[in-house]
Amino acid sequence: VPIIAHNQAHGRSFRPMAFIEMAAGALARASESESFFYALHTCMLHAPGDRPWPWHQMYGQAGYDGPNRFHYNKAGTSMAPTESEDGYTAEELSLQDDRLYDSGLDMADKLVGRLMGDLTEAGLLDNTIVVLLSDHGEESWSPELAYRYFGPNHGFHPFGDAQHRILLAVRFPDGRGAGRWVKDDVRSIDIVPSVAEVLGLDWAVPTDGRSFMGLVDGETEDAPRPVFIETGMTEARYWGVGHAEYPWKGVSRRYRVDQETDFVQIREEFVPFLIAVKDRVYQVGPWKLIWRPSAVGPAGVHLFRRDEDPLNLNDVATAHPEIVAQLGLPMAALLAEDGIIEARAWE
């Protein structure tokens with residue numbers, strides 16, 4: 001759905017209800033066909049999270065007059081826990097960020113409710129697969145974080161679970177798996193094979209994912225699925241000392257506008273540097289291995305126990321070299337596919 005003109009959750013002119021009406025209208029037009037695929041991406045929860053009326057007064061925001069009154073604060077929450085801004089501590093500013101996030105959830109709920117209601121009213125819900133997911137999670141400030149917090153984080157660094165755990169809810173027309181909560185790890189790459197299995201499609205393109213329909217039906221798996229995570233376009237403030245860097249500092253210099261389509265694209269000459277500077281994660285069950293590229297010398301390798309250390313504050317790589325090797329070998333294969341020289345470290 002071409003939504004960028006309406007989907008301005010990062011702009012002060014954003015009107016959530018107008019966006020919802022646009023989304024509902026696009027769904028109505030799509031449903032006029034015998035069959036349809038409808039994909040909608042909303043930025044209602046995305047930073048900086050501008051909140052118009054009445055959402056700027058919801059969830060305890062009424063009466064608050066701090067620096068992040070209408071959108072997430074990227075300056076105040078970069079403070080150390082002992083500092084303050086305009087009389088507000090980092091903890092108080094972060095609490096307001098949480099209120100903004102909650103009000104954004106309310107916006108998103110209104111959108112989902114409207115679309116599900118329209119499908120029901122049109123008699124289409126019982127013949128439609130609905131997949132609700134997020135492209136990334138969000139992280140809130142905490143005084144224990146191992147780095148200075150710079151506002152909502154989503155994919156800038158590999159630490160913690162909050163950015164990488166996403167919503168995934170699927171509704172099948174025949175009620176298959178209704179009410180079941182699958183607590184096993186599944187991946188975004190598992191969605192396509194799962195839907196293809198339900199529809200009886202032969203998916204011609206090779207995929208690393210595999211169907212999770214067995215889990216939906218209550219089956220158990222012998223071992224947890226390995227999860228591979230990597231940062232996207234990241235920022236220097238999350239890299240730390242000695243981290244590999246991009247040759248172009250300005251974000252705008254990393255993109256180009258295609259003259260024929262007007263699409264914004266990453267510059268081809270920047271792509272190798274984007275790939276080389278990515279942090280990678282290989283995660284299996286409670287264990288999480290992080291690989292961080294270095295500007296000079298060997299890459300940084302860190303190991304965390306997610307169930308005991310969700311913020312990833314206690315690096316146990318030295319205490320568990322066997323786990324580092326166990327996760328490092330498949331990580332090395334993925335690094336080698338990207339042409340990362342440091343992959344030889346595990347040979």
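This next bit is on helix 6 (residues 321-337). Under the 1.5 Å per step criterion, the end-to-end length of helix 6 is 24 Å for 17 residues, consistent within 8% with the ideal 24 Å. Of all the bends found along helix 6, the most pronounced is centred on Gly-328 and spans about 35°, while Pro-330, a proline, follows it within four residues. By the burial criterion, the buried members of helix 6 are Ile-323, Val-324, Leu-327, Gly-328, Met-331, Ala-332 and Leu-335. Lining the buried residues of helix 6 we find strand 5 (227-230), strand 8 (280-284), strand 9 (287-292) and strand 10 (300-305).

So, about the nonpolar core. One finds Phe-19, Tyr-38, Met-44, Leu-111 and Leu-115 to be the most contacted residues of the largest nonpolar core, which totals 18 residues. Residue assignment for this core shows that the elements contributing at least two residues are helix 1 (16-30) and helix 2 (90-121). With 8 residues, the single largest contributor to this core is helix 1. Aside from chain neighbours lying at most four places away, what touches Leu-115 is Ala-23, Ala-24, Leu-27, Tyr-38 and Leu-40.

Turning next to the packing of aromatic side chains. Counted according to the given criterion, the structure contains 7 aromatic pairs. Joined through ring pairs, the aromatic side chains of Trp-239, Tyr-246, Trp-248, Phe-270 and Phe-273 make up one cluster. For the cation-ring pair, Arg-69 lies above Phe-70, with the distance from its terminal atom to the ring centre recorded as 5.0 Å. The cationic tip of Lys-183 hangs over the ring face of Trp-181; the distance from NZ or CZ to the ring centre is 4.5 Å.

On the surface, a cluster of nonpolar side chains totalling about 260 Å² of accessible area is made up of Val-131, Leu-133, Ile-166 and Leu-168. By secondary structure assignment, the location of Leu-168 is in strand 4 (residues 168-171). Residue Leu-168 is classed as partly exposed on the basis of its relative accessible area, which comes to 30%.

Here we come to the environment of Gln-265. Along the chain, the position of Gln-265 falls in strand 7 (residues 264-266). Placed 11 residues apart in sequence, Gln-265 and Arg-254 show a C-alpha to C-alpha distance of 8.7 Å. Setting aside its immediate chain neighbours within four residues, Gln-265 contacts Arg-254, Tyr-255, Arg-256 and Asp-258. A polar side-chain atom of Gln-265 sits 2.7 Å from a polar atom in the side chain of Arg-256.

The strand order across the open sheet built from 4 strands is 5-8-9-10, with neighbouring strands paired in antiparallel fashion. Edge strands, defined here as strands with exactly one partner in the open sheet, are strand 5 and strand 10. Looking at each pair of strands side by side, their axes are set apart by 15° on average, direction ignored. With 4 bridges connecting them, strand 5 and strand 8 associate as antiparallel partners. Opposite Glu-230, over in strand 8, you have Arg-280 as the bridge partner. Sheet strands in contact with helix 6 are strand 5, strand 8, strand 9 and strand 10, and its direction is about 50° off that of strand 9.

Rules behind the numbers
Residues numbered from 1 in each chain as written. Predicted model: local features only at pLDDT ≥ 70, side-chain atom pairs only at ≥ 80, totals over all residues. Heavy atoms only, no water. Helix = DSSP H or I, 4+ residues; strand = E, 2+ residues; numbered from the N terminus. Expected span 1.5 Å × (residues − 1). Bend = angle between axes of the 7 residues up to and from the residue. Buried < 20%, exposed > 50% of the residue type's maximum accessible area, 1.4 Å probe, protein only. Contact = heavy atoms within 4.5 Å. Core = buried A, V, L, I, M, F, W, Y, C linked by side-chain atoms within 4.5 Å. Phe/Tyr/Trp six-rings, centres within 6.5 Å; stacked < 30°, edge-to-face > 60°. Lys NZ or Arg CZ within 6 Å of the ring centre and 35° of its normal. Patch = residues over 30% accessible without salt bridge, like charges linked within 9 Å, V, L, I, M, F, W, Y side chains within 5 Å. Areas by Shrake-Rupley, 256 points an atom, 1.4 Å probe, with all protein chains shown as cover. Salt bridge = Lys/Arg side-chain N within 4 Å of Asp/Glu carboxyl O. Polar contact = N/O pair within 3.5 Å; in protein donor to acceptor, adjacent residues only side chain to side chain. Pairing = 2+ DSSP bridges. Axes fitted to C-alpha atoms, helices over the stretch in contact; angles between N-to-C directions.

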